[in-house]
Amino acid sequence: MDRDQCLALDAQDPLRAFKDEFVLPEGVIYLVGNSLGALPKRTAERMRRAVEDEWGGQLVGGWNHAGWYDLPLTLGDRLAPLIGAGPGQVVVGNTTSIAIFQAVAAALRLRPDRRVIVSDAQNFPTDHYMVQGLAGLVGGYEIRDLAEGSFADAAVVLLSEVDYRTGARRDMAEVTAAAHAAGALIVWDLCHSVGAMEVDVSDVDFAVGCTYKYLSAGPGAPAFLYVNPRHHGTAENVLSGWHGHAAPFAFETDFRPADGMRRFVISTPHVLSLAALDAALDVWERVPMAQVRAKSKALTSLFVDLVGDRLELASPADPEARGSQISLRHPDGYPIMRALIDRGVHGDFRAPDTLRFGFAPLYLGYTDVYDAAATLLEVLDKELWRDEKYAVRLAVT
Ligand SMILES: Cc1ncc(COP(=O)(O)O)c(C=O)c1O
Ligand SMILES: Nc1ccccc1C(=O)C[C@H](N)C(=O)O
């Protein structure tokens, strides 16, 4: 594939108009949408409205008149189609880690006779850490690593669909069925799936994920929590804050859970962050997800073809078996990534040796991928990464 062919593919791309809806700094090819999505242009105006018109103009009346109080539910309903869920099945707020705690704790209560939590030690660390914290709090649970290969006697299984390091994708339907066959409930972390591919949660028990990656809802944007309707009414929220109460403004002494998903709202919504999510969902409601997945597979495959075997491919070679990222291994991955960023190609690095490149189909074109690969090959061929300034480690990688 040469650059002209990439230009032709961009010209025919049915998603090409979406690129104009994002702010992308001049000279930057942004391959980190799998960590922090680019800024949608409409977000600034939506946030200005939330700050000046709603907060400034309505003051505390915003809770009633600007819809702030119900935002966790109304935005949950808007996000739901992106994971194959229906209205009244998703709430947004808090962080993925907190949603994991809520989901796993609820699952343990739904399986009171079991004492095993299956967790993947290779998962994004916060998932496993949250399980360790919860197990320590409740006591008496065994945390079994997924690598042991058994769901027997498990109360709950917690897994990511797409691995953050390699982009490897699990078959959600198959693993969900295996967990259920063993009598366990399953919690899926969809951080690296939502906005990158079609997701269907209809069989799963709980699902969580962040909105700051492919969804572009901004740094620190609220997470989502899905609870299958078959557990509504029985699943409990152990983080029983007042906004999950059946009558929060009755100020009763004892917690009484609200019906439906409302009980999974913990407390005061992050209204300003939710405004940015609202703006991002204005974009997503117009996005055909099948086209996103098709383009994602084409972009990742193009990158692999162009880079060839210059670096070890850590991602699955089959595009069906991976998410929207390509990971490459090199012992000097860190300075290589710093040298690339210095030349306008932004990826990230995961210790000990992994260069990660995320491909957000809404704002990346085939020519961007071509140029990024050419820059990477130049950095390698000319050993530009050997400059000692690239060895200096930044706090956040
Ligand atoms: C799979 C996965 N889970 C969780 C998180 C983060 O959780 P939190 O939103 O609590 O920071 C990330 C990335 O930050 C992630 O990749
Ligand atoms: N939330 C963050 C805050 C700071 C730096 C990175 C993140 C990420 O999201 C990392 C991402 N989850 C990853 O897959 O590595």
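Rules behind the numbers
Positions within a chain are numbered from 1, following the residues in the order the chain's sequence is written. Chain letters and ligand numbers both follow the written order, the letters beginning at A and the numbers at 1. Thresholds applied to this predicted model are a pLDDT of at least 70 for local features of residues and 80 or more for the giving and counting of side-chain atom pairs; totals over whole chains, interfaces and linings are not thresholded and use all residues. Water and hydrogen atoms were dropped before computing side-chain values, which therefore reflect all heavy atoms in the structure. Salt bridges are defined as contacts in which a side-chain nitrogen from Lys or Arg sits within 4 Å of a carboxyl oxygen from Asp or Glu. The way it works is that DSSP assigns letters per residue, a run of H or I at least four long becomes a helix, a run of E at least two long becomes a strand, and they are numbered from the N terminus. We call a residue buried when its accessible area falls under 20% of the maximum for its residue type, exposed when it is over 50%, and partly exposed in between, using a 1.4 Å probe and counting protein chains only. Working convention: axes come from line fits to C-alpha atoms, limited for helices to the stretch in contact. Angles between N-to-C directions cover 0 to 180 degrees. For this classification, under 35 degrees means roughly parallel, over 145 means roughly antiparallel, 65 to 115 means roughly perpendicular, and everything else is oblique. We call a crossing left-handed when the near helix sits turned anticlockwise from the far one by less than a right angle, and right-handed when that turn is clockwise. We call two residues in contact when some of their heavy atoms are within 4.5 Å. Either an automatic procedure or a domain database provided the assignment from which the domain bounds are taken. In this description, buried area is defined as the sum, over both parts, of the accessible area (probe of 1.4 Å) that is lost when the two are combined. Two strands qualify as a pair provided DSSP detects at least 2 bridges between them. Residues enter a nonpolar core if they are buried and are Ala, Val, Leu, Ile, Met, Phe, Trp, Tyr or Cys, with the set joined through side-chain atoms within 4.5 Å. We call a residue near a molecule or strand as soon as one heavy atom of that residue lies within 4 Å of the molecule or strand. Two N or O atoms form a polar contact when they lie within 3.5 Å of each other; inside protein one atom must be a possible hydrogen donor and the other a possible acceptor, and for residues adjacent in sequence the pair counts only when both atoms belong to side chains. Per-residue and other accessible areas follow the Shrake-Rupley method at a 1.4 Å probe size, with only the shown protein chains counted as cover for residues.

Looking at the pattern of salt bridges
Okay, so step 1: One pass over the full model with this rule turns up 30 salt bridges.
Okay, so step 2: In this structure, the salt-bridge partner of Asp-70 is Arg-262, at a minimum N-O distance of 2.8 Å. Linking Asp-70 in the loop between α3 (62–65) and α4 (71–79) with Arg-262 in the loop between β10 (223–227) and α8 (271–284), this pair joins segments that are 192 residues apart in sequence.
Okay, so step 3: In this structure, the salt-bridge partner of Glu-320 is Arg-169, at a minimum N-O distance of 3.6 Å. Note that Glu-320 is positioned in the loop between β11 (312–313) and β12 (325–329) and Arg-169 in the loop between β7 (154–160) and α7 (172–181), a separation of 151 residues in sequence.
Okay, so step 4: Residue classification places Glu-320 among the partly exposed positions, given a relative accessible area of 40%.
Okay, so step 5: Taken together, the salt bridges that share partners define one network made up of Arg-42, Arg-46, Glu-54, Arg-78, Asp-278, Asp-282 and Glu-285.

Section: the packing of helix α5 (residues 96–110) against helix α6 (residues 125–138)
Okay, so step 1: Where α5 contacts α6, the two axes come as close as 9 Å, and the packing angle between them is 45°. In terms of orientation, α5 and α6 fall into the oblique class. Relative to α6, the crossing made by α5 is right-handed. Across the interface between the two elements, Ser-97, Ile-100, Phe-101, Val-104, Ala-105 and Leu-108 from α5 touch Thr-126, Asp-127, Met-130, Leu-134, Leu-137 and Val-138 from α6.

Quick notes on the domain arrangement of the protein
Okay, so step 1: Looking at the assigned domains, one finds that the protein contains domain 1 (3–30 + 288–391) and domain 2 (44–284).
Okay, so step 2: Taking only C-alpha atoms into account, the centre of domain 1 sits 30 Å from that of domain 2.
Okay, so step 3: The interface of domain 1 with domain 2 comprises 27 residues on the first partner and 18 residues on the second.
Okay, so step 4: Between domain 1 and domain 2, the buried area comes to about 1700 Å², and carbon and sulfur atoms account for 59% of it.

Focus: the sheet that holds strand β6 (residues 142–145)
Okay, so step 1: The strand order across the open sheet built from seven strands is β4-β10-β9-β8-β7-β5-β6, with neighbouring strands paired in mixed fashion. What marks the edges here is a single partner per strand, and that holds for β4 (90–93) and β6. Across the sheet, the mean angle from the axis of one strand to that of its neighbour is 20°, orientation sign disregarded.
Okay, so step 2: Sheet analysis places strand β5 (residues 116–119) next to β6, joined by four bridges and oriented parallel. Looking across to β6, one finds that Val-116 is bridged to Glu-142.

A word on the nonpolar core
Okay, so step 1: Ile-83, Val-157, Leu-190, Val-201, Trp-284 and Leu-362 are the most contacted members of the largest nonpolar core, which totals 57 residues.
Okay, so step 2: A domain split of this core shows at least three residues from each of domain 1 (3–30 + 288–391) and domain 2 (44–284).
Okay, so step 3: Not counting chain neighbours up to four residues away, the residues in contact with Val-201 comprise Ile-83, Gly-84, Ala-85, Met-172, Leu-190, Ala-207, Tyr-226 and Asn-228.
Okay, so step 4: The next biggest cluster of nonpolar side chains, apart from the first, holds 30 residues, and it includes Leu-355, Tyr-366, Ala-372 and Tyr-390.

A word on the site of ligand 1
Okay, so step 1: Surrounding ligand 1, one finds Thr-95, Thr-96, Ser-97, Phe-124, Thr-126, Asp-127, Ser-160, Asp-189, Cys-191, His-192, Tyr-212 and Lys-213.
Okay, so step 2: At 2.7 Å, a side-chain N or O of Asp-189 approaches a nitrogen atom of ligand 1.
Okay, so step 3: Here an oxygen atom of ligand 1 and a side-chain polar atom of His-192 are 2.7 Å apart.
Okay, so step 4: Relative to its free-state accessible area of 400 Å², ligand 1 is covered by the protein chains to the extent of 85%.

A short note on the environment of Arg-322
Okay, so step 1: Within the secondary structure, Arg-322 sits in the loop between β11 and β12.
Okay, so step 2: What Arg-322 contacts, discounting residues up to four positions off in sequence, is Gly-167, Ala-168, Arg-169, Met-197, Arg-293, Lys-297, Thr-300, Ser-301, Val-304, Ser-315, Pro-316 and Ala-317.

Focus: unusual backbone geometry
Okay, so step 1: Put simply, Ala-351 and Pro-352 share a cis peptide bond, and its omega is 5°.
Okay, so step 2: For Pro-352, the position within the fold is in the loop between β14 (348–350) and β15 (354–358).
Okay, so step 3: Not every positive phi belongs to a glycine, and Phe-251 is a case in point at roughly 50°.
Okay, so step 4: Here Phe-251 is to be found in the loop between β10 and α8.

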